[in-house]
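Report on the structure
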Amino acid sequence: MQHLRPQTWLPFVIFSLAFIGCSGPETVHEYKVENLEIVLAGPLFEGPNAGQFELTLDIPGALGDAYAPGMKVADARLQRAEVSAGDSLGFAQVRSFVLSFASDNEAVAMEEAAFVNPLPEGLERVALNVAPEAELGPHAAEEKLYVVLDVDLSEDFWDGDRLFLLNFELSLTLQSKR
Amino acid sequence: MTRRLGIWAAMAVIALGMLSFELPSEINSDVLAQKTAGDELLGVWEPSNGRARVKIDRIGTKYYGRIVWLLEPNDPETGEPKTDINNPDAALQDVPLKGYRMLKDFVFQEDGTWTEGTIYDPLSGSTYNCVIKMTDENTLDIRGYIGVQALGRTDVWKRLAMPKR
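As the structure is a prediction and not an experimental result, all values here were calculated from the model. (Residues numbered from 1 in each chain as written. Chains lettered and ligands numbered in written order. Predicted model: local features only at pLDDT ≥ 70, side-chain atom pairs only at ≥ 80, totals over all residues. Heavy atoms only, no water.)

1. Re the confidence of the model for chain A
When pLDDT is averaged across chain A, the result is 89; 87% of the residues are at 70 or more. Across chain A, element-level confidence peaks in strand β6 (residues 125–127) of chain A with a mean pLDDT of 98 and bottoms out in helix α1 (residues 6–22) of chain A with 52. (pLDDT = per-residue confidence, 0-100. Helix = DSSP H or I, 4+ residues; strand = E, 2+ residues; numbered from the N terminus.)

This is the structure:
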């Protein structure tokens, strides 16, 4: 059997040990966002219209005593998302909702994370279908992120805005600093 | 000697004052100019095949384009509105195609192009790197490519006038 010389494998071993040494343990936490006001500014046209909210995640505040300085977001997945009506128009003429997350960071691409299509009739609150594969870790790690709700309308609304309230829950995997 | 120093000191104070006044306004005007120039992209655009219309919006500092109109909005087999059936993420294949963001994450550059973005082809479910160049205020060159820009394909999009009340 041919043996590898230390010059060959030693750098890999050192790199691996350094990598393991720098990475602390991971913990999973729930992060809830409630009653986020998504405004669709009128006039609105038949078809898809977008509303957005600039959000800053307060991870230290949400974790309380469980937070340790230096914790970093390793991964984030959407667990649940729900939209309710924020004005008297309710879900009138709404055909579908799509929820996405975006960031100003050039290296972070927009991700669709949940939707409902078609919207069942007669509801005042609806749970969206979540895409479990949507990776939101890079978004959650940013100082601010954009929550975008696309609303497909079946007719024009020339007067006034539409308001929807969004609740969602992220599963955050946080890595501690060793 | 003291008098000469005093004159120099006065000139230095005036020069510093001008600097502190000039620099921020220069930076602000650059930022505003950049924002305005980048926003030229906003509007509704039609690809050369005329089968769709795409509305470009800005979210934060980046630009995104949604399909707002389709020549054939319904699936001919089911009669139902088309969905993103070719999306590689099976959980998102029922997302309506109308409203889908086929242009994502474009960043305006000083050379007048929008780069770093992607274009999605709903017919194949493939996503390509993309560069947008405005050749005149109503015409865009949309170049999709994989890897090397020179090996890509360019489509010409035309601006549509927005309906007025």
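2. A look at the nonpolar core
Residues and elements named next belong to chain A. Judged by nonpolar contacts, the single largest core of 70 residues is most densely connected at Leu78, Phe97, Leu99 and Phe168. A total of 6 residues in this core trace back to one element, the largest contributor, which is strand β9 (residues 162–177). Once residues lying within four places of it in the same chain are set aside, the contact partners of phenylalanine 97 are Val83, Phe91, Ala114, Phe115, Val116, Leu119, Val126, Leu128, Leu149, Asp150, Val151 and Phe164. (Core = buried A, V, L, I, M, F, W, Y, C linked by side-chain atoms within 4.5 Å. Buried < 20%, exposed > 50% of the residue type's maximum accessible area, 1.4 Å probe, protein only. Contact = heavy atoms within 4.5 Å.)

3. Some points on the sheet that holds strand β5 (residues 111–116) of chain A
Residue and element names in this part refer to chain A. The sheet built from 5 strands is open, its strands ordered β2-β8-β4-β5-β7 with antiparallel pairing. In the strand order of this sheet, the two ends are held by β2 (47–55) and β7 (129–130), each with one partner. As judged from the 5 bridges shared by strand β4 (residues 94–102) and β5, these two strands associate in the antiparallel manner. Paired with serine 100 across the bridge in β5 is glutamate 112. (Pairing = 2+ DSSP bridges.)

4. Re the pattern of salt bridges
Residue and element names in this part refer to chain A. Considering all chains together, one arrives at 17 salt bridges over all chains under this definition. Here glutamate 54 and lysine 144 are joined by a salt bridge, their closest N and O atoms 3.6 Å apart. Of this pair, glutamate 54 sits in strand β2 while lysine 144 sits in the loop between α3 (137–140) and β8 (145–153), and the two are 90 residues apart along the sequence. Assessed through its relative accessible area of 47%, glutamate 54 is described here as partly exposed. The salt bridge involving glutamate 169 is made with arginine 80; its shortest N-O contact spans 3.5 Å. (Salt bridge = Lys/Arg side-chain N within 4 Å of Asp/Glu carboxyl O.)

5. Things to note about the interface of chain B and chain A
One frequent convention defines the size of an interface as the accessible area lost when the parts assemble. Listed per partner, the contact involves 28 residues of chain B and 31 residues of chain A. A combined buried area of about 2300 Å² lies between chain B and chain A, and 56% of that area is made up of carbon and sulfur atoms. The interface formed by chain B and chain A contains 3 salt bridges. Residue glutamate 112 of chain A pairs with lysine 104 of chain B through a salt bridge whose shortest N-O separation is 2.9 Å. The tally of links from chain B across to chain A stands at 10 residue pairs in polar contact (both at pLDDT 80 or more). Split into classes, the residues belonging to the side of chain B that touches chain A amount to 12 nonpolar, 4 polar and 12 charged. (Buried area = accessible area lost by both parts, 1.4 Å probe. Polar contact = N/O pair within 3.5 Å; in protein donor to acceptor, adjacent residues only side chain to side chain. Nonpolar A, V, L, I, M, F, W, Y, C, P; charged D, E, K, R; others polar.)

6. Concerning the pairing of strand β7 (residues 139–145) of chain B
Residue and element names in this part refer to chain B. The element β7 is extensively covered by neighbouring structure, given that 5 of its 7 residues are classed as buried. Across 7 bridges, the pairing between strand β6 (residues 126–136) and β7 is antiparallel. Opposite cysteine 130, over in β7, you have glycine 144 as the bridge partner. Hairpin remark: β6 followed by β7, antiparallel, with 2 residues in the connecting loop.

7. Considering unusual backbone geometry
Residues and elements named next belong to chain A. In this model, glycine 42 is joined to proline 43 through a cis peptide bond whose omega is 0°. Relative to the assigned elements, proline 43 resides in the loop between β1 (23–40) and β2. A cis amide bond links asparagine 117 to the next residue, proline 118, at an omega of -5°. If you trace the backbone, proline 118 turns up in the loop between β5 and β6. Look at asparagine 35: it is not a glycine, yet its phi comes out positive at around 50°. Along the chain, the position of asparagine 35 falls in strand β1. The backbone phi angle of glutamine 93 is positive, close to 60°, even though this residue is not glycine. Structurally, glutamine 93 is set in the loop between β3 (72–85) and β4. For glutamine 93, a relative accessible area of 30% puts it in the partly exposed group.

8. Some remarks on the layout of surface pockets
Considering only enclosed or pocket space, the largest pocket measures out at about 1200 Å³ in volume. Together, 43 residues line the largest pocket, and Ile67, Leu70, Leu97, Pro122 and Leu123 of chain B are the ones closest to its centre. For the lining of the largest pocket, the secondary-structure elements that each account for two or more residues are β4 of chain A together with β3 (62–70), β5 (113–121), β7 and β8 (153–160) of chain B. Tallying contributions element by element places β8 of chain B first for the lining of the largest pocket, with 4 residues. When grouped by side-chain class, the residues that make up the lining of the largest pocket number 21 nonpolar, 9 polar and 13 charged. (1 Å grid on protein atoms, 1.4 Å probe; cavity = no way out; pocket = protein on both sides within 12 Å on 5 of 7 lines; lining within 4 Å. Points joined across faces, edges and corners; volume = space filled by probe spheres on them.)

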